[in-house]
Amino acid sequence: MDVNNKNPNQEPFPGDVHPTASGGIVVTKLDDVINWARSNSLWPLVFGTSCCAIEMMSAASAKYDWSRFGFEVARATPRQADVIIIAGTIVNKMAPVLKRLYDQMPDPKYVIAMGACATSGGPFFYNTYSVVKGADHIIPVDVYVAGCPPRPEALMHALISLQAKIKAGGRPEKMVIEHFYDKATK
Amino acid sequence: MEREALQARISAINAAVTFEEGGEMLNAFVEPAECRDLLQTLHNMDDLAFDYMFCLTCVDWKTHLTMVYHLESTKHRHIVVIKSKLDRENPEIDTMSDIWRTAELLEREVYELFGVRFINHPDLRKLLLSDEWEGWPLRKDYEDPINMIKL
């Protein structure tokens, strides 16, 4: 990504070029650079408990291809993953497994609750003995995705929103302004 | 075997069997005490040869339970559904696990979720729920104040 890139549809590199006689010096904050680098190489954990996982696979496949945004390195071990996409229903028996997977992921780690089940229990909210009414009862969630199941586009939007949140230093209020308001008005 | 022929053939085996009108498949009702004999015959007869049980489940009708057996013949490609009404307070029926091996796990599942006791079942334990689980979760009157939000 070019440092002087002014394309409003692309996130610019977080810094400025200070011109000097021999070419210029990049002036920036280390935190911003780390967040920028982190957000562009999120490794998702291979984790899916029901039909949302099918949509997640579709988002990874050739038609949608989430590797365009830096998510292609799906890991089968939580020790190498940055983000866990909770793709499906979490039942009481699965809850300790999910907690353990999350605990095994190295910091910094991010969570996306994909679809109605992971968000609130969804269709299993009433009259079920076995379903956790929202994955945020077990682990903290960064981004929620609506849908049953959400389309791959919705998951991609959630992943890009997560990138915006990381670039903003994890501050959701700044993310909302930068990601949604600025883009809509530019 | 066509549906009418199948119905006539089952009536010939057990005259007490009643049939349900409509439905995609032939539905036959039999008393639980005679259920095992009927299913054994359906499995063993060469012209019937129901060698494949593709579903075994139970339904809670609040007044009674109904066991449902879906059978198919891989030789003749005909399908029949056998149902049997059970007493809700004391649900008991003979196991089919020695006729179709698949019934062994399916009956364990029905046992843990509906509380039906399968007589002569080789290993009638809970399948997925923990051993200390109390109650039958798929019965309509099941209550769980901790995990369940009633509508």
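The rules behind these values
Residues numbered from 1 in each chain as written. Chains lettered and ligands numbered in written order. Predicted model: local features only at pLDDT ≥ 70, side-chain atom pairs only at ≥ 80, totals over all residues. Heavy atoms only, no water. Helix = DSSP H or I, 4+ residues; strand = E, 2+ residues; numbered from the N terminus. Buried < 20%, exposed > 50% of the residue type's maximum accessible area, 1.4 Å probe, protein only. Contact = heavy atoms within 4.5 Å. Areas by Shrake-Rupley, 256 points an atom, 1.4 Å probe, with all protein chains shown as cover. Pairing = 2+ DSSP bridges. Axes fitted to C-alpha atoms, helices over the stretch in contact; angles between N-to-C directions. Core = buried A, V, L, I, M, F, W, Y, C linked by side-chain atoms within 4.5 Å. Buried area = accessible area lost by both parts, 1.4 Å probe. Salt bridge = Lys/Arg side-chain N within 4 Å of Asp/Glu carboxyl O. Polar contact = N/O pair within 3.5 Å; in protein donor to acceptor, adjacent residues only side chain to side chain. Nonpolar A, V, L, I, M, F, W, Y, C, P; charged D, E, K, R; others polar. pLDDT = per-residue confidence, 0-100. Arc of directions from axis to C-beta.

Colleague: I would appreciate a short explanation of the overall build of chain A in the present structure.
Modeller: Each helix and strand in chain A was counted, giving 6 helices and 6 strands. Counting helices and strands in the order they occur from the N terminus, chain A gives β-β-α-β-α-β-α-β-α-β-α-α. Buried positions account for 38% of the 186 residues belonging to chain A. Looking at chain A alone, contacts between residues at least 24 apart form 69% of all its contacts between residues at least 6 apart. Accessible area of chain A: about 10000 Å², with a carbon and sulfur share of 58%.

Colleague: Could you clarify how one ought to interpret the sheet that holds strand S4 (residues 83-87) of chain A in this entry?
Modeller: Whenever strands of a sheet pair, they do so through backbone hydrogen bonds, lying parallel or antiparallel. Residue and element names in this part refer to chain A. In space, the 4 strands of this open sheet follow the order S3-S4-S5-S6, with parallel pairing throughout. Each edge of the sheet is formed by a strand with only one pairing partner; in this case those strands are strand S3 (44-45) and strand S6 (143-145). Relative to S4, S3 is paired through 2 bridges, and the arrangement is parallel. Its bridge partner being in S4, leucine 45 is matched across the sheet by isoleucine 84. On the sheet, helix H5 (residues 152-167) packs against S4, strand S5 (110-114) and S6 and is oriented at approximately 155 degrees with respect to S5.

Colleague: Would you take a moment to explain the nonpolar core for this structure?
Modeller: In globular proteins that are soluble, nonpolar side chains generally tend to be buried together. Residue and element names in this part refer to chain B. The biggest cluster of nonpolar side chains holds 37 residues, and the ones touching the most others in it are Met67, Tyr69, Ile82 and Val116. Secondary-structure elements contributing two or more residues to this core are helix H1 (3-13), strand S2 (26-29), helix H2 (32-44), strand S3 (52-60), strand S4 (65-72), strand S5 (79-86) and helix H3 (103-114). For this core, the leading source of residues is H3, giving 5 residues. When residues no more than four places from it in sequence are discounted, the contact partners of methionine 67 are Leu56, Thr57, Cys58, Ile82, Lys83, Ser84, Leu86, Ile93, Val110, Val116 and Phe118.

Colleague: I'm lost on the interface of chain A and chain B in this one. Help?
Modeller: How big an interface is tends to be reported as the loss of accessible area on association of its parts. If you look at the interface, chain A gives 8 residues, while chain B gives 13 residues. Here chain A packs against chain B, burying approximately 900 Å² in sum over the two surfaces, 61% of which is carbon and sulfur. Contact with chain B buries surface across chain A, with A:Tyr126, A:Asn127 and A:Tyr129 losing the most and accounting together for 67% of the total. The tally of links from chain A across to chain B stands at 0 salt bridges. Our count for the contact surface shared by chain A and chain B stands at 5 residue pairs in polar contact (both at pLDDT 80 or more). Residues that form the side of chain A that touches chain B fall into these classes: 3 nonpolar, 3 polar and 2 charged.

Colleague: Mind showing me how you'd approach unusual backbone geometry here?
Modeller: The phi angle of most residues is negative, glycine excepted, and most peptide bonds adopt the trans form. All names here are of chain A. In this chain, aspartate 107 is followed by proline 108 through a cis amide linkage whose omega measures -5 degrees. Tracing the backbone shows proline 108 in the loop between helix H3 (95-104) and S5. In this structure, proline 149 follows cysteine 148 across a cis peptide bond, with omega equal to -10 degrees. Along the polypeptide, proline 149 turns up in the loop between S6 and H5. Residue asparagine 127 is not a glycine yet carries a positive backbone phi of 60 degrees. Summarising the element assignment, asparagine 127 is placed in the loop between helix H4 (115-120) and S6.

Colleague: Explain the confidence of the model for chain B here, please?
Modeller: Detailed reading of the predicted coordinates is not advisable wherever pLDDT falls low. On average, chain B scores 91 in pLDDT, and the residues at 70 or more come to 100%. Across the predicted assembly, pTM comes out at 0.78 and ipTM at 0.73.

Colleague: What am I meant to see in the pairing of S5(B) here?
Modeller: The side chains of a regular strand alternate between the sheet's two faces. Residue and element names in this part refer to chain B. Among the 8 residues that make up S5, 6 are buried, leaving the element largely enclosed by the rest of the structure. In this structure, S4 lies alongside S5, joined through 8 bridges in antiparallel fashion. Looking at the pairing, histidine 70 lines up with valine 81 of S5. With antiparallel pairing between neighbouring strands as the criterion, S4 and S5 make up a hairpin whose turn holds 6 residues, including arginine 77 at a positive phi of roughly 60 degrees.

Colleague: Is there a simple way to think about helix H2 (residues 52-60) of chain A in this case?
Modeller: Each α-helix winds once per 3.6 residues, and so residues spaced three or four apart point in a common direction. Listing the buried residues of H2(A) in full gives A:Cys52, A:Ala53, A:Met56 and A:Ala59. Within H2(A), the buried residues cover an arc of 110 degrees as seen down the axis, which keeps them to one side.

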